[in-house]
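Spelled out from the first residue to the last, the chains are:
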Amino acid sequence: MKQFEYTIRDEIGIHARPAGWLAKKAKEYSSTITVTKGEKSAVATKLIALMGMGIKCGDTVTVTVDGADETEAFADIKSFFESNL
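Residues numbered from 1 in each chain as written. Predicted model: local features only at pLDDT ≥ 70, side-chain atom pairs only at ≥ 80, totals over all residues. Heavy atoms only, no water.

Visitor: Honestly, the nonpolar core in this entry has me stumped. Any pointers?
Guide: Here is a general trend for soluble globular proteins: nonpolar side chains tend to be buried in one another's company. Within the largest apolar cluster, 24 residues are counted, with the highest numbers of intra-cluster contacts made by Ile 8, Leu 22, Val 35, Val 61 and Phe 81. When contributions to this core are tallied by element, the ones reaching two or more residues are strand 1 (2-7), helix 1 (16-26), strand 2 (32-37), strand 4 (60-66) and helix 3 (70-84). A per-element tally of this core places helix 3 first, with 5 residues. When near neighbours in sequence (up to four residues on either side) are disregarded, Ile 8 contacts Gly 13, Ile 14, Ile 55, Lys 56, Cys 57, Gly 58, Asp 59, Val 61, Phe 81 and Leu 85. (Core = buried A, V, L, I, M, F, W, Y, C linked by side-chain atoms within 4.5 Å. Buried < 20%, exposed > 50% of the residue type's maximum accessible area, 1.4 Å probe, protein only. Helix = DSSP H or I, 4+ residues; strand = E, 2+ residues; numbered from the N terminus. Contact = heavy atoms within 4.5 Å.)

Visitor: I would appreciate a short explanation of helix 1 in the present structure.
Guide: Side chains three or four residues apart in an α-helix point the same way, a direct result of the helix having 3.6 residues per turn. The complete set of buried residues in helix 1 reads Pro 18, Ala 19, Leu 22, Ala 23 and Ala 26. Buried residues of helix 1, viewed axially, fall in a sector of 140 degrees; they line one side. Turned more than 90 degrees away from the buried face of helix 1 sit Arg 17 and Lys 24, all of them exposed. In this fold, the buried residues of helix 1 make contact with strand 2, helix 2 (47-52) and helix 3. (Arc of directions from axis to C-beta.)

Visitor: I tried to follow the packing of helix 1 against helix 3 on my own but got confused; where do I start?
Guide: Working note: a packed helix pair is described by the angle between its axes plus the distance between those axes. Contact pair helix 1 / helix 3: the axes reach a minimum separation of 11 Å and the direction vectors enclose 165 degrees. Overall, the two elements helix 1 and helix 3 adopt an arrangement that is roughly antiparallel. At the point where helix 1 passes helix 3, the crossing takes the right-handed sense. Across from Pro 18, Trp 21, Leu 22, Lys 25 and Ala 26 in helix 1, the residues of helix 3 making contact are Asp 76, Ile 77, Phe 80, Phe 81 and Asn 84. Taken together, the residues that form the contact of helix 1 with helix 3 break down as 7 nonpolar, 1 polar and 2 charged. (Axes fitted to C-alpha atoms, helices over the stretch in contact; angles between N-to-C directions. Parallel < 35°, antiparallel > 145°, perpendicular 65-115°, else oblique. Left-handed = near helix turned anticlockwise from the far one by under 90°. Nonpolar A, V, L, I, M, F, W, Y, C, P; charged D, E, K, R; others polar.)

Visitor: Explanation requested: the side chain of Thr 64 in the structure shown.
Guide: Within the secondary structure layout, Thr 64 lies in strand 4. Only 3.3 Å separates the side chain of Thr 64 from the side chain of Gln 3, close enough to count as a polar contact. Excluding residues that lie within four positions of it along the chain, Thr 64 makes contacts with Met 1, Lys 2, Gln 3, Thr 32, Ile 33 and Thr 34. (Polar contact = N/O pair within 3.5 Å; in protein donor to acceptor, adjacent residues only side chain to side chain.)

Written out as structure tokens, the structure reads:
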């Protein structure tokens with residue numbers, strides 16, 4: 001299991017479009033990718049669950065990657081967050 005913390009920089013936060021991109025990216029891997037903010041968490045492949053977390057600009061989330069391809073998935077997802085969120 002690998003994890004990182006990230007502070008959202010997108011002005012709108014994780015809204016429909018970036019949540020869709022994240023879900024699509026997460027589906028490329030067999031590992032389970034989970035986004036956690038406070039007491040709420042969602043599997044990154046679940047678009048509605050991600051949007052329902054209400055993640056806004058300035059919020060810090062913890063991203064956990066666990067599974068067979070976690071090393072590759074971790075690097076790719078971390079890069080995705082840095083480039084898009």
